[in-house]
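In case you want the letters, here they are:
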Amino acid sequence: MILEGLARLGRSGLGTLERLGRAHLLLAGMVLGIGAVLRRPGLLIAQLFNIGVLSMLIIGVSGLFVGMVLGLQGYYVLAQFGAAESLGVMVAASLVRELGPVVTALLVAGRAGSALTAEIGLMKATEQLSGLEMMAVDPVRRILTPRFFGGVLAMPLLAAMFSAVGVLGGYFVGVGLLGVDSGSFWSQMQSKVDFHEDIVNGVIKSVVFGVVVTWIALFQGHDSVPTSEGVSRATTRSVVHAALAVLGLDFVLTALMFGE
Amino acid sequence: MMGMGKQRGIEILVGLFMAVGFVALFFLAMQVSNLSAAVNSDGYQLTARFSNVGSLKARSPVSMAGVRVGRVEAVSFDKDTYEAVVTMRIDAATDTIPDDTFANIFTAGLLGEQYVALEPGGSMEYLRDGDEIAHTQSALILEQMIGQFLFSKAGGD
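So, how was this worked out
- Residue indices begin from 1 for each chain and proceed along its sequence in written order.
- Labels follow written order: the first chain is A, the first ligand is 1, and so on.
- Only residues with pLDDT of at least 70 get local features here, since the model is predicted, and only at 80 or more are side-chain atom pairs given and counted; chain-wide, interface and lining totals rely on the full set of residues.
- Derived side-chain values reflect all non-hydrogen atoms in the structure, with water molecules and hydrogen atoms excluded from consideration.
- For the purposes of this section, nonpolar cores are sets of buried Ala, Val, Leu, Ile, Met, Phe, Trp, Tyr and Cys residues that join through side-chain atoms within 4.5 Å.
- Three exposure classes are used, based on accessible area relative to the maximum for each residue type with a 1.4 Å probe and protein chains only: buried under 20%, partly exposed in between, and exposed over 50%.
- The numbering of helices and of strands both runs from the N terminus, where a helix is a DSSP run of H or I of at least 4 residues and a strand a run of E of at least 2.
- Any two residues whose heavy atoms approach within 4.5 Å at even a single point are treated as in contact.
- Expected span, for any helix, means 1.5 Å times one less than how many residues it has.
- These domain boundaries are the output of an automatic or database domain assignment.

Let's talk about the nonpolar core
Counting residues in each nonpolar core, the largest one holds 73 residues, and the members touching the most others are A:Met30, A:Phe148, A:Met189 and B:Phe17. Considering each element in turn, this core owes the most residues, 16 residues, to helix 7 (residues 139-177) of chain A. When residues no more than four places from it in sequence are discounted, the contact partners of B:Phe17 are A:Leu48, A:Gly52, A:Val53, A:Met56, A:Ala154, A:Leu157, A:Leu158 and A:Met161. By size, the runner-up hydrophobic cluster in this structure holds 23 residues, among which are B:Phe50, B:Val53, B:Val86 and B:Ile97.

Some remarks on helix 4 (residues 56-80) of chain A
Residue and element names in this part refer to chain A. Look at helix 4: 36 Å from first C-alpha to last across 25 residues, which is about the 36 Å you get at 1.5 Å a residue. Within the sequence span of helix 4, burial applies to Ile59, Ser62, Gly63, Gly67, Leu70, Gly71, Gly74, Tyr75 and Leu78. Of the surrounding elements, those touching the buried residues of helix 4 are helix 5 (87-125) and helix 7. Residue Gly82 follows helix 4 closely and has a positive phi angle near 65°.

Side note on unusual backbone geometry
The phi dihedral of A:Glu127 is positive, around 60°, even though this residue is not glycine. The topology assignment puts A:Glu127 in the loop between helix 5 and helix 6 (128-134). For A:Glu127, a relative accessible area of 57% corresponds to the exposed category. Positive phi outside glycine occurs at B:Tyr82, with the angle close to 60°. When you line up the elements, B:Tyr82 lands in the loop between strand 3 (67-78) and strand 4 (83-90).

Structural notes on the domain arrangement of chain B
According to the domain assignment, chain B contains domain 1 (2-33) and domain 2 (41-146). Centre-to-centre separation of domain 1 of chain B and domain 2 of chain B, based on C-alpha positions: 45 Å.

Structure (structure tokens):
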């Protein structure tokens, strides 16, 4: 009875380790496959279209509304302290440091990551991946690697768009609707937001999130049980794991980057 | 032929995506952050010694007549004189600071951040790169002022 419980614990532990090992082998395979992507940039462009261009609308609209809400809420709080002129700093710093990279990563995980998992999972279920292998084409290099680099490249650009549109949204609400002075909105922002400390760190964050979100999505698809149920479960897991990983990593990265 | 046209459309859209992404990054760098101000870091360096700098930090503004003319580059401690050494970088355009200029550390607003305010003297000799400002006044520490105020009240009664 006790032995049975121990054995079950051990089995699940070994299973987790095995999955982790497979995930890292897949990551190594994709990173080493960068040469294949450079030789055939057409594959990468197609994935940049799928992950980047098709996500632009949701990123732009979300960024605008997040920025506008920040402008509104920030104004109400700051106005109580007579510091409404600092609205620009608040909007820009929170977007560039946190909300831009994190919300973009969550949206991309839902919009593009789930699609990647379903696509790869279905390719596996319909034995297209095995078919490629039988034709001596490495499916990791041909199918997964371009998707991986597409995601890694698209994420920081999408996050930058999110933050930029958000700042404009905050400007629209703060200066346009609530009457904060336009000059101090920008000048306070420029004097308090640091290029290296805030912008570059935000970009580094979103590159890390790009790696993590696409890696999880591709691994879940590649490792899915090749049935309709298996693919649907893998898609759910892909979004949940990616969201948890992004939020957890964000805390670690923030602690490393912005601690004094 | 249809396939080619579609591929070309995708390429154009991806190109547009990359361009918009880089424009957004450029906007963040130039309009949102202090990079545009940091670019002209070709000014000259001045130092000043204070017995107390309060919470003055690197990148705090240096201003004359309320206009920013430079930034604090570094704040360090001199272990021989027990003074704080503030290194400032002044914009190259502001090259007529007299050598008897007075450097104060003021606070912007009641609880705002601290900055160095330069009050020009009357000398015809100008400070140059690497010079030290001789006349300084330390930061006003709120706790000390309250302490002194209470002390003088107690002494007066």
